[in-house]
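Examination of the molecular architecture
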Amino acid sequence: MTLSPGALLRARLQKGLLVLPGVFNAITALLAEQVGFEALYLSGAGVTNSLLGMPDIALITLTEMAQQARYVARAVKLPVIADADTGYGEVLNVARTVEEFEQAGLAGLHLEDQVAPKRCGHLDGKQVIPAEEMVKKIRAAVRARSDPSFFLIARTDARSVNGLEDAIARAKRYLDAGADAIFPESLQSRAEFETFAKAISAPLLANMTEFGKTPYLRAQEFAEMGYIMVIFPMTAFRVMMHAAREALRTLKETGTQQSLLDRMQTRKELYELLRYADYERLDREIAEGDS
Ligand SMILES: C[C@](O)(C(=O)O)[C@H](CC(=O)O)C(=O)O
């Protein structure tokens, strides 16, 4: 019997800390799988920035995100959790989001309690919706999943709006509404992560994004505090962008890529990642079968 993506994720969570690197398309997903990660995080910022060249302020649509999720989930064998922002609307939109994301082959998603249009969780000027509205969205999400294993994570952005106490109070309500896990966004110290984990006995996700409000902690430190998932949503994206800018500058200045060759993924490495040989073999076998 093959497990559904959600069941696969839940089975893996039983074994302890899960580190999920952020990916934003199929090829970065393949890379993360190749280096041995066991689950992936499809970043809303990563997809919005890369696909649209736009900031992460609710400009991506459900359709665009679900399509990207489908490419990613199809490319790898790993469970993938996606960022569903605010659910792209109100309760009925949330229900449709869950249906579309589940059908795309994802293992789960997270919904956040920001007002629309949302902002990056680490920027100032965010606002949150009343907790009871978020509770309704979570109830809608729970009802909309067809696989009870599809993993529903409630993210609360309340810490930087109303403080840690409100974030904790909201987390409790979101769990009562049926959320499987809580993602406390933009906590500002190790002590806050500890306090949160002591107050909330449920699966917890920590966000280790860069240049934000959260100090850098190792995944293992989160595990010791009781967190079961840690996402690094934009790490590969930021490194790739930095490297690409350097490469483009060099190319512009020198008119040749030769000094960059030893920093490149080779053609052979790329083709291995893409399982090029498998496609050639299939083509050959079909041709031979036809003759
Ligand atoms: C997790 C996040 O929602 C994302 O889209 O990946 C972002 C990441 C970021 O902007 O650094 C967030 O934390 O809001």
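Residues numbered from 1 in each chain as written. Predicted model: local features only at pLDDT ≥ 70, side-chain atom pairs only at ≥ 80, totals over all residues. Heavy atoms only, no water.

You'll find the protein chain entered in an unreviewed UniProt entry as 2-methylisocitrate lyase, with Chthonomonas calidirosea given as the organism. The Sequence similarities (unreviewed entry) comment attached to the protein chain in UniProt states, word for word, "Belongs to the isocitrate lyase/PEP mutase superfamily. Methylisocitrate lyase family." (UniProt positions renumbered as here; feature names shortened; annotations may be inferred.)

**What about the site of the ligand?**
Near the ligand, the surroundings consist of 16 residues, among which Ser-43, Ala-45, Gly-121, Glu-185 and Thr-209 are the closest. Asp-83 places a side-chain nitrogen or oxygen 2.9 Å from an oxygen atom of the ligand. With the chains in place, 95% of the 340 Å² that the ligand exposes on its own is no longer accessible. For the shell around the ligand, a count of residues per class yields five nonpolar, six polar and five charged. (Near = heavy atom within 4 Å. Polar contact = N/O pair within 3.5 Å; in protein donor to acceptor, adjacent residues only side chain to side chain. Areas by Shrake-Rupley, 256 points an atom, 1.4 Å probe, with all protein chains shown as cover. Nonpolar A, V, L, I, M, F, W, Y, C, P; charged D, E, K, R; others polar.)

**Overview of the pattern of salt bridges**
Side chains bearing opposite charge may pair, as long as their charged atoms lie close to each other. Going through the model one piece at a time under the given rule, you end up with 23 salt bridges. In this structure, Glu-112 and Arg-155 form a salt bridge, with 3.4 Å as the shortest nitrogen-oxygen distance. Of this pair, Glu-112 sits in strand S4 (residues 108-112) while Arg-155 sits in strand S5 (residues 151-156); the two residues are 43 residues apart in sequence, bridging distant segments of the chain. Glu-221 is paired through a salt bridge with Arg-190; the nearest N and O atoms lie 2.6 Å apart. With a gap of 31 residues between them, Glu-221 in helix H10 (residues 219-225) and Arg-190 in helix H9 (residues 190-199) connect regions that are remote in the sequence. (Salt bridge = Lys/Arg side-chain N within 4 Å of Asp/Glu carboxyl O. Helix = DSSP H or I, 4+ residues; strand = E, 2+ residues; numbered from the N terminus.)

**Here we look at the environment of Lys-77**
Note on placement: Lys-77 falls in the loop between helix H4 (62-75) and strand S3 (80-83). Lys-77 gets classed as exposed once you look at its relative accessible area, which sits at 68%. Residues contacting Lys-77, with those up to four places away along its chain left out, are Leu-8 and Glu-33. (Buried < 20%, exposed > 50% of the residue type's maximum accessible area, 1.4 Å probe, protein only. Contact = heavy atoms within 4.5 Å.)

**Looking at the confidence of the model for the protein chain**
In the predicted model, the protein chain carries a mean pLDDT of 97, and the fraction of residues at 70 or more is 99%. At the level of individual helices and strands, the protein chain shows its lowest average pLDDT in helix H13 (residues 276-290), which scores 92, and its highest in strand S2 (residues 40-42), which scores 99. Here the predicted complex scores 0.97 on pTM and 0.98 on ipTM. (pLDDT = per-residue confidence, 0-100.)

**Topic: the UniProt feature "binding site: substrate" (unreviewed entry) in the protein chain**
Under the UniProt annotation, "binding site: substrate" (unreviewed entry) lies at Ser-43, Gly-44, Ala-45, Cys-120, Gly-121, Arg-155, Glu-185, Asn-207, Met-208, Thr-209, Arg-238 and Arg-267. These annotated residues cover 225 residues of sequence, and their C-alpha atoms reach 40.3 Å apart at the extremes, leaving them scattered rather than at a single site. Residue position: Arg-238 is located in helix H11 (residues 235-254). When its relative accessible area of 26% is taken as the criterion, Arg-238 is described as partly exposed. Once residues within four sequence positions are removed from consideration, Arg-238 is found in contact with Thr-209, Glu-210 and Phe-211. Tracing the chain through its elements places Arg-267 in helix H12 (residues 267-273).

**Describing the UniProt feature "binding site: Mg(2+)" (unreviewed entry) in the protein chain**
If you check UniProt for "binding site: Mg(2+)" (unreviewed entry), the listed places come out as Asp-83 and Asp-85 in our numbering. Once you skip the residues sitting within four places of it in the chain, Asp-83 turns out to touch Tyr-41, Leu-42, Ser-43, Gly-44, Ala-45, Met-65, Tyr-88, Phe-101, His-110 and Glu-112. Using a relative accessible area of 3% as the deciding quantity, one classes Asp-85 as buried. Those residues in contact with Asp-85, other than ones at most four positions away along the chain, are Asp-56, Ile-60, His-110, Leu-111, Glu-112 and Lys-118.

**Some remarks on the domain arrangement of the protein chain**
The domain architecture assigned to the protein chain consists of domain 1 (5-240) and domain 2 (258-291). Computed from C-alpha coordinates alone, the two centres of domain 1 and domain 2 are separated by 34 Å. Across the contact, six residues belong to domain 1 and five residues belong to domain 2. For the domain 1 and domain 2 pair, buried surface summed over both sides reaches about 450 Å², with 62% attributable to carbon and sulfur atoms. (Domains from an automatic or database assignment. Buried area = accessible area lost by both parts, 1.4 Å probe.)

**Things to note about the side chain of Thr-97**
For Thr-97, the position within the fold is in helix H5 (residues 91-103). Relative accessible area serves as the criterion here: at 0%, Thr-97 is assigned to the buried category.

**Let's talk about the pairing of S4**
Of all five residues in S4, five are buried, a share of seventy percent or more. A two-sided burial pattern is seen for S4, the buried positions comprising Gly-108, His-110 and Glu-112 on one face and Leu-109 and Leu-111 on the other. Bridging between S3 and S4 involves three bridges; their strand directions are parallel. Opposite Ile-81, over in S4, you have Gly-108 as the bridge partner. By the bridge criterion, five bridges tie S4 to S5 in an arrangement that is parallel. Directly across from Leu-109, in S5, lies its bridge partner Leu-152. In this view, the connection linking S4 to its parallel neighbour S5 by way of helix H6 (residues 131-144) has right-handed handedness. (Pairing = 2+ DSSP bridges. Right-handed = clockwise from strand over helix to strand, strands pointing away.)

**Remarks on the packing of aromatic side chains**
Tallied over the full model, the rule gives six aromatic pairs. Taking the centre distance of 5.7 Å and the plane angle of 75° together, the rings of Phe-222 and Tyr-227 count as edge-to-face. This pair shows no difference in class: Phe-222 is buried, exactly as Tyr-227 is. Taken together, the ring pairs in this structure connect Phe-193, Phe-222 and Tyr-227 into an aromatic cluster. (Phe/Tyr/Trp six-rings, centres within 6.5 Å; stacked < 30°, edge-to-face > 60°.)

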